[in-house]
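Structural features, examined
Listed below, chain by chain, are the residues.
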Amino acid sequence: MKRLTLIAGVLVLFAIAGGPVASAAVAWPADSAWIPLTHNGTNYWDVPNDYSPAQVDIVGGIDPGGTNYTAGFWFNDGTNLMFRMRCDDFNVASHNYVWQIMMETTGDSNLDFSLQADHKSDNRVEFHPVTGTTDFSQPVVNSVDIATLLWSGDLAVYHDHGLLAPSVFNNNADYFMEIAMPLTNFFTNVPLGTNLVHIVLATSADHNQLNKDRPDQLNFFSDPIFVPEPGTIALLAAGAAFGFVRRRRSRR
Ligand SMILES: [Ca+2]
Ligand SMILES: [Ca+2]
Ligand SMILES: [Ca+2]
Ligand SMILES: [Ca+2]
């Protein structure tokens, strides 16, 4: 009993001092639960070998094995908004890049936000506004307004990578990387009612730009994903409890 009291006391002291209380990683969904991103109703694609190194080369479409794989997925568990991206390779020894989930939220052709895993400058998952006119033909597509930090989280909590994917673009292994942010922080910065969000998968050499892999066609955005506000989420959860809502299933 004395020992338990001592341990509890130490934990309280840590908490008061703001000590190292580790946070658990977000509850990433099972492979089969991720919802594929689509473009015009088919899998979101990105050609292989358009940017190097291979770890920042986003891949999706028909792989050498003849299977059509989406380049990206999303999922919302009511707590976190999550994304998964397929890349041609994984190399943790040379990882100084930025993986970006770009979002179009206003219904025009210009990107508005970037949720990005920044392994280059801050080593954080960050949510920033995106400025400029979106033109995928330019060397630098958009600027990320890093002076305006809307939210950031620990890589260990809101990011995962090096996950072996079943596809074999370039006849070698592909890997998933995952990025998430709390749903409440999303709607703190995006007006309530912004439910239809178009996604663009991107990679960059810097956290203040979109300057590596990006869509290969003009005005290429994902079909919109529906992101419910927290209040709607509660209603959906109640509906699910009574069996009114059927969860969509998707192939990995
Ligand atoms: Ca690519
Ligand atoms: Ca590969
Ligand atoms: Ca926009
Ligand atoms: Ca591309």
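Predicted, not measured: the structure shown is a model, and the values here were computed from it.

**Quick notes on the overall build of the protein chain**
- What the protein chain contains, in helices and strands, is four helices and 16 strands.
- When the 252 residues of the protein chain are sorted by exposure, 37% land in the buried category.
- Once local pairs closer than 6 in sequence are excluded, the contacts in the protein chain between residues at least 24 apart make up 65%.

**With respect to the sheet that holds strand S14 (residues 175-182)**
- Spatially, the five strands line up as an open sheet ordered S1-S6-S7-S14-S13, and their pairing is antiparallel. Pairing within the sheet leaves two strands with one partner each, and these edge strands are strand S1 (35-36) and strand S13 (159-164).
- Two elements, S13 and S14, share four bridges in a ladder whose sense is antiparallel. By the bridge assignment for S14, Leu 164 is matched with Tyr 175.

**Quick word on unusual backbone geometry**
- The amide bond that connects Ser 52 to the next residue, Pro 53, takes the cis arrangement and shows omega of 0 degrees.
- Tracing the sequence through the fold places Pro 53 in the loop between strand S3 (42-43) and strand S4 (61-62).
- The backbone of Asn 49 shows a phi angle near 70 degrees, a positive value even though the residue is not glycine.
- Along the chain, Asn 49 falls in the loop between S3 and S4.
- By C-beta crowding, Asn 49 is classed as exposed, having 11 other C-beta atoms within 10 Å.
- Residues other than glycine seldom take positive phi values, yet Asn 219 does so here, at roughly 55 degrees.
- Along the polypeptide, Asn 219 turns up in the loop between strand S15 (196-204) and strand S16 (225-226).

**Notes on the nonpolar core**
- Residues Met 85, Met 102, Ile 179 and Ile 199 are the most contacted members of the largest nonpolar core, which totals 54 residues.
- At the level of secondary structure, the elements contributing two or more residues to this core comprise strand S6 (72-76), strand S7 (80-87), strand S8 (98-104), strand S9 (113-118), strand S10 (124-131), S14, helix H3 (183-189) and S15.
- Looking at this core, the element that brings in the most residues is S14, giving six residues.
- Sequence-distant contacts of Met 85, that is, excluding residues within four places in its chain, are made with Ile 58, Ala 71, Gly 72, Trp 99, Phe 176, Met 177 and Leu 201.

**Considering the environment of Trp 151**
- By the element assignment, Trp 151 lies in strand S12 (residues 151-154).
- Residue class for Trp 151 comes out partly exposed when judged on the 18 C-beta atoms lying within 10 Å of it.
- Here the alpha-carbon distance between Trp 151 and Asn 189, two residues 38 residues apart in the chain, equals 8.7 Å.
- Residues within four places of Trp 151 in sequence aside, it is in contact with Phe 127, Met 181, Asn 185 and Asn 189.

**Looking at the confidence of the model for the protein chain**
- Averaged over the protein chain, the pLDDT score is 88; the fraction of residues at 70 or greater is 83%.
- A low-confidence stretch, residues 4-19 stays under pLDDT 50, and its non-local contacts, those more than four residues away or across chains, total three contacts.
- A low-confidence stretch, residues 244-252 (pLDDT under 50), is modelled with 13 contacts involving residues beyond four sequence positions or located in other chains.

The rules behind each value
In every chain, residue numbers begin from 1 and rise along the written sequence. Lettering of chains starts at A and numbering of ligands starts at 1, both following the order in which they are written. Whole-chain, interface and lining totals are the exception, using all residues; otherwise, since this is a predicted model, local features are given only for residues with pLDDT of at least 70 and side-chain atom pairs are given and counted only at 80 or more. Segments assigned H or I by DSSP are reported as helices when at least four residues long, segments assigned E as strands when at least two residues long, and all are numbered from the N terminus. Any residue surrounded by 20 or more other C-beta atoms within 10 Å of its C-beta is treated as buried, while 12 or fewer makes it exposed and the intermediate range makes it partly exposed; C-beta atoms here are placed from the backbone. Note on contacts: residues are paired as contacts if their backbone-placed C-beta atoms lie within 7 Å. Pairs of strands are assigned from DSSP output, requiring at least two bridges between the strands. In these notes, a nonpolar core means any group of buried Ala, Val, Leu, Ile, Met, Phe, Trp, Tyr and Cys residues linked to one another through C-beta atoms within 7 Å. What pLDDT reports is the predictor's confidence in each residue, on a scale of 0 through 100.

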